[in-house]
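Examining the three-dimensional arrangement
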Amino acid sequence: MAAIDMKNIVKKYGDGFPAVNDVSIDVADGEFMILVGPSGCGKSTLLRMIVGLEDITSGDMMIGDRRVNDLAPKERNLAMVFQNYALYPHLTVYENIAFPLRLAKADSKTVDEKVRAASKTLELDEHLDRKPANLSGGQRQRVAMGRAIVRDADAFLFDEPLSNLDAKLRGQMRSEIARLQKKLGITTVYVTHDQTEAMTLGDRVAVLKRGILQQLASPRELYTNPGNLFVAGFIGSPPMNFLPATVEGNIVELPFGKVEIPADKAAKVAGRGLLIAGIRPEAFEDASVVDQTRQGSTFRAKIDQVEWLGNTAYAYIPFEAPPEVLEQLQQLERDLDGETLRTQLVVSLDGSSKVAEDDDAEIWVDTSQMHLFDPATGENLTIDLERAGRVPALEQGHDPAQQAKAEHEVADQQTAAAESADG
Amino acid sequence: MRKLGTAVGCVLILLWCLLPVAWIISLSFKSQTAITNGSPGFLPKDGDGAGWQNYTDVLDNEQFRRAIFNSIGISLIATLLSVIIATLAAYAIARLEFKGKKFVLTMALAIAMFPVVSLVGPLFDMWRTIGLYDTWPGLIIPYMSFTLPLAIWTLSAFFREIPWELEQAAQVDGATSWQAFRKVIVPLAAPGVFTAAILTFFFAWNDFVFGISLTSTESARPIPAALSFFVGADPFNRPASLLAAGAVVSTIPIIIIVLIFQRKIVAGLTSGAVKG
Ligand SMILES: Nc1ncnc2c1ncn2[C@@H]1O[C@H](COP(=O)(O)OP(=O)(O)OP(=O)(O)O)[C@@H](O)[C@H]1O
Ligand SMILES: [Mg+2]
């Protein structure tokens with residue numbers, strides 16, 4: 001058992017592609033750390049650098065109190081579960097699980113004890129003599145876990161372990177992994193791009209974009225206090241709404257009308273001109289079902305479409321955005337791997353709401369949950385830094401504008417490397 | 001009706017393939033005199049049969065025993081070396097990016113396309129000067145160089161099929177690169193390794209041109225060459241039935257090898273080894 005401390009880790013691939021850029025993450029002993037981000041943001045690369053399958057271009061990788069940069073994978077004593085499980089097809093389930101023990105030259109009695117203990121934990125007892133090719137996806141997944149837990153590894157590393165399973169099995173295995181990690185109390189780094197996995201499993205979550213750490217915080221902190229537009233848009237489903245906004249005093253002008261925000265938020269953004277307001281769908285409600293005593297503002301809008309799901313209903317309200325905001329939102333959509341941007345507001349209404357398509361409805365909004373972002377840098381101006389974990393761009397000595405510029409440079413280098421690889 | 005057609009077709013093809021073999025077996029059981037006198041018919045006539053006599057004669061023959069020994073030794077060593085080198089080379093080609101990879105592959109193909117006869121002359125001269133003429137290595141080297149290209153191509157195709165992650169998983173599990181190669185990659189590539197081994201062994205065992213040109217005495221002469229030098233008691237009358245017995249005996253090792261390796265190949269393929 002050991003802590004993993006990544007200090008200013010950089011990875012440039014042979015073709016010049018900067019996959020990981022100056023990432024520092026400290027994983028405490030016994031902590032469950034999640035790495036998330038859109039496809040190609042360098043999650044797997046980072047994980048493979050921890051385990052030793054990829055060289056580290058610069059920075060220090062500390063496991064416990066050892067610097068492991070130059071150690072081979074076998075000397076790092078970590079266990080990894082691969083995305084496609086990487087089971088040895090020529091060995092039985094038993095021998096697959098026993099493989100690390102045999103390499104460590106354990107005597108056959110110890111091997112047998114440990115393998116049977118692992119197979120009991122993972123309910124693999126009746127499959128021990130079978131070959132991986134004959135197992136179902138979930139069973140293979142468990143064999144891969146078995147191979148990881150038989151060893152007394154210092155940490156577990158997972159690279160999207162559940163992405164090959166169907167939705168139901170994924171849920172089961174997710175709680176299985178959570179249970180196992182709690183039971184063994186072992187340091188874990190887990191790569192995923194599944195929201196639910198990130199939110200439910202992680203003690204803390206590291207959000208990456210283009211190989212740059214955006215925010216490192218608990219799931220709740222990420223959700224309530226995103227450091228920038230990217231994190232705000234990435235965490236949460238359906239995603240946060242982004243609207244053009246101008247602030248005067250305590251009044252925010254949105255495309256649908258004016259709403260009032262708390263004074264402390266207003267103070268942080270005084271005199272900033274055009275901003276982007278971020279409001280989660282569930283911060284809205286049908287005004288007619290809201291308890292009158294609740295704080296908040298209301299506005300009227302024409303509903304374009306309603307999706308009723310029983311317990312909630314999603315209503316869609318289109319709006320117009322000025323070009324400066326639109327451009328930033330389009331960029332954001334590209335970064336998030338999203339489909340083309342539709343400038344519409346998604347609001348989540350109570351299931352009992354009677355709002356229907358083409359209604360001119362009165363919508364209530366909880367403005368205390370609103371965040372305001374700088375359209376140029378994407379920085380969250382109304383962030384509560386006390387409850388936001390680590391946001392590298394907003395740390396002492398960092399300037400969000402500088403960070404935005406650095407990100408553009410990385411983006412350019414990545415495009416250049418990708419183009420030269422194509423040509 | 002269709003079943004019948006298939007059966008008839010099979011029988012015809014089998015006849016076509018196996019008739020010469022059957023014929024040589026029949027010859028090997030006839031006595032020398034019967035053959036000299038002309039003995040038509042598949043089965044030996046009364047009094048023409050020689051029983052196992054030809055076989056005991058062949059096996060008692062010092063020359064023949066030497067030749068068998070040479071052939072087995074040379075072919076096995078050539079196969080072993082060729083498979084080991086081909087496995088390592090194919091692994092490098094499949095896995096590593098290095099300068100001159102294309103060059104190695106094209107050269108390998110080019111060598112495989114060289115006609116054997118065109119090399120025999122120069123090799124004869126070279127081996128005489130170096131002192132490899134009429135020795136085992138003198139045959140092993142050309143056998144290897146002609147079988148390596150095919151072996152490398154076959155094996156690198158097999159290696160490419162094996163997911164790289166298996167090897168990385170092994171390394172994370174605590175294996176050195178060498179252990180990962182030996183315990184995971186080689187077992188998975190086993191069908192390929194055995195295919196390469198069979199191909200090499202066939203080539204070495206059946207070769208006649210090198211065998212006859214690069215040897216002069218019993219010290220290295222392999223069976224195909226030895227059979228052509230085989231003279232019985234009467235130098236003017238080639239002992240056809242003895243030769244037939246010799247030919248039959250010399251196919252036995254090949255059959256054994258194929259049976260052994262074939263089982264491995266089939267076992268490997270059916271266990272879904274190369275599928276992730
Ligand atoms: N061997 C390599 N050589 C050059 N570039 C590479 C190499 N491997 C990965 N990359 C690049 O590095 C970037 C990060 O890759 P990585 O596999 O870490 O992404 P990821 O975050 O795991 O994405 P995904 O969610 O799709 O698995 C990608 O843009 C990829 O193109
Ligand atoms: Mg990945």
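Keep in mind it's a predicted model, so treat the numbers as computed, not measured.

Remarks on the overall build of chain A
Looking only at helices and strands, chain A has eleven helices and 21 strands in total. The C-alpha atoms of chain A give 24 Å as radius of gyration, which agrees with the globular expectation for 423 residues (22 Å, within 12%). The dimensions of chain A, computed from C-alpha atoms along their principal axes, are 75 × 45 × 45 Å. Within chain A, the proportion of its 423 residues that are buried is 53%. Taking contacts inside chain A between residues at least 6 apart in sequence as the whole, the part at least 24 apart equals 72%. Counting 45 positive and 65 negative side-chain charges, chain A places the centres of these two groups 8 Å from one another.

Regarding the domain arrangement of chain A
One can read the domain layout of chain A as domain 1 (4-221) and domain 2 (239-383). For domain 1 of chain A versus domain 2 of chain A, the separation of C-alpha centres amounts to 38 Å.

A look at the domain arrangement of chain B
Residue and element names in this part refer to chain B. Partitioning chain B into structural domains gives domain 1 (1-51) and domain 2 (62-271). If you average the C-alpha positions of domain 1 and of domain 2, the two centres end up 32 Å apart. Considering only the side of domain 1, the residues that lose the most area to domain 2 are Ile24, Ser28 and Gln32, jointly responsible for 64% of the buried surface there. Inspection of the domain 1/domain 2 interface yields zero residue pairs in polar contact (both at pLDDT 80 or more). Looking at the side of domain 1 that touches domain 2, the elements that each hand over two or more residues are helix 1 (2-28) and helix 2 (32-36). When residues in the side of domain 1 that touches domain 2 are grouped by element, the largest group, four residues, is from helix 1. Residues belonging to the side of domain 1 that touches domain 2 are distributed by class as follows: four nonpolar, four polar and one charged.

Observations regarding the interface of chain B and chain A
Of the residues lining the interface, 20 residues belong to chain B; the matching set on chain A comes to 22 residues. A buried area of about 1,900 Å², summed over both sides, lies between chain B and chain A, and 60% of it is on carbon and sulfur atoms. The three residues of chain B that bury the most area against chain A are Glu165(B), Val172(B) and Asp173(B), which together make up 34% of that side's buried surface. Where Arg147(A) meets Asp173(B), a salt bridge forms, and the shortest distance between an N and an O atom there is 3.4 Å. For the interface between chain B and chain A, the tally reads seven residue pairs in polar contact (both at pLDDT 80 or more). Top contributing element to the side of chain B that touches chain A by residue count: helix 8 (residues 164-172) of chain B, with seven residues. Partitioned by chemical class, the residues of the side of chain B that touches chain A number nine nonpolar, seven polar and four charged.

As for the pattern of salt bridges
Pairing is possible between side chains of opposite charge, provided their charged atoms come close. All names here are of chain A. Applying the stated criterion to the full structure yields 25 salt bridges over all chains. A salt bridge links Glu95 to Arg102, with the nearest nitrogen and oxygen atoms 2.8 Å apart. Under the relative-accessibility criterion, Glu95 is labelled partly exposed at 25%. The structure contains a network of salt bridges with shared partners spanning Lys209, Arg210, Asp335 and Glu407.

Section: the site of ligand 1
Residues and elements named next belong to chain A. Near ligand 1, the surroundings consist of 13 residues, among which Ser39, Gly40, Lys43, Ser44 and Thr45 are the closest. For ligand 1, an oxygen atom lies 2.8 Å from a polar atom in the side chain of Lys43. A distance of 3.3 Å is found between an oxygen atom of ligand 1 and a side-chain nitrogen or oxygen belonging to Glu160. Look at ligand 1: alone it shows 630 Å² of surface, and the protein chains cover 64% of it. The biggest single contributor to the shell around ligand 1 is helix 1 (residues 43-51), with three residues. Residues that form the shell around ligand 1 fall into these classes: four nonpolar, six polar and three charged.

Some points on the pairing of strand 2 (residues 18-27) of chain A
Residues in a regular strand project their side chains so that they alternate between the two faces of the sheet. Residues and elements named next belong to chain A. Of all the ten residues making up strand 2, eight are buried; the element is thus mostly covered by neighbouring parts of the structure. Examined bridge by bridge, strand 1 (residues 4-12) and strand 2 share six bridges and lie antiparallel to one another. Bridge pairing in strand 2 links Lys11 to Val20. The turn linking strand 1 back onto strand 2 is made up of five residues, and Gly16 within it adopts a positive phi angle of 90 degrees.

Quick word on the packing of aromatic side chains
Residues and elements named next belong to chain A. Under the criterion given, the structure shown has 23 aromatic pairs over all chains. Between Phe32 and Tyr190, the ring centres sit 5.6 Å apart and the planes meet at 45 degrees, which makes this aromatic pair tilted. Linking Phe32 in strand 3 (residues 32-36) with Tyr190 in strand 8 (residues 187-191), this pair joins segments that are 158 residues apart in sequence. What makes Phe32 buried here is its relative accessible area of 1%.

A few points about the sheet that holds strand 19 (residues 344-350) of chain A
Residues and elements named next belong to chain A. Pairing in this open sheet of three strands is antiparallel, and the strands run 17-18-19 from one edge to the other. This sheet does not close on itself; its edge strands, each paired only once, are strand 17 (305-308) and strand 19. Looking at each pair of strands side by side, their axes are set apart by 20 degrees on average, direction ignored. Of the pairings in the sheet, the one linking strand 17 to strand 18 (residues 312-318) comprises four bridges and is antiparallel in character. Residue pairing across strands places Glu307 opposite Tyr314, the latter belonging to strand 18.

Considerations on unusual backbone geometry
All names here are of chain A. Of note, the amide linkage connecting Ser237 to Pro238 takes the cis form, showing an omega dihedral of -5 degrees. Here Pro238 is to be found in the loop between helix 8 (229-234) and strand 11 (241-248). At Lys105, a position not held by glycine, the phi torsion is positive, near 60 degrees. By secondary structure assignment, the location of Lys105 is in the loop between helix 2 (93-103) and helix 3 (108-121). Despite not being glycine, Glu123 has its phi angle at roughly 55 degrees, a positive value. With respect to the secondary-structure elements, Glu123 resides in the loop between helix 3 and helix 4 (137-149).

Some remarks on the side chain of Ser119(A)
Residue and element names in this part refer to chain A. Relative to the helices and strands, Ser119 is located in helix 3. Here the side chain of Ser119 touches Asp125 through a polar contact of 2.3 Å, side chain to side chain. Ignoring sequence-local partners within four residues, the contact set of Ser119 consists of Leu124, Asp125 and Leu128.

Let's talk about a nonpolar patch on the surface
Residues and elements named next belong to chain B. Side chains of Met1, Leu4, Val8, Val11, Leu12, Leu15 and Leu19 sit close together on the surface and give an oily, nonpolar patch of about 750 Å² of accessible area. Relative to the helices and strands, Met1 resides in the segment before helix 1. Classification of Met1 as exposed rests on a relative accessible area of 83%.

The rules behind the values
- Residues numbered from 1 in each chain as written.
- Chains lettered and ligands numbered in written order.
- Predicted model: local features only at pLDDT ≥ 70, side-chain atom pairs only at ≥ 80, totals over all residues.
- Heavy atoms only, no water.
- Helix = DSSP H or I, 4+ residues; strand = E, 2+ residues; numbered from the N terminus.
- Rg over C-alpha atoms; globule rule 2.2 N^0.38 Å.
- Buried < 20%, exposed > 50% of the residue type's maximum accessible area, 1.4 Å probe, protein only.
- Contact = heavy atoms within 4.5 Å.
- Lys, Arg positive; Asp, Glu negative; His and termini not counted.
- Charge placed at Lys NZ, Arg CZ, Asp CG, Glu CD.
- Domains from an automatic or database assignment.
- Buried area = accessible area lost by both parts, 1.4 Å probe.
- Polar contact = N/O pair within 3.5 Å; in protein donor to acceptor, adjacent residues only side chain to side chain.
- Nonpolar A, V, L, I, M, F, W, Y, C, P; charged D, E, K, R; others polar.
- Salt bridge = Lys/Arg side-chain N within 4 Å of Asp/Glu carboxyl O.
- Near = heavy atom within 4 Å.
- Areas by Shrake-Rupley, 256 points an atom, 1.4 Å probe, with all protein chains shown as cover.
- Pairing = 2+ DSSP bridges.
- Phe/Tyr/Trp six-rings, centres within 6.5 Å; stacked < 30°, edge-to-face > 60°.
- Axes fitted to C-alpha atoms, helices over the stretch in contact; angles between N-to-C directions.
- Patch = residues over 30% accessible without salt bridge, like charges linked within 9 Å, V, L, I, M, F, W, Y side chains within 5 Å.

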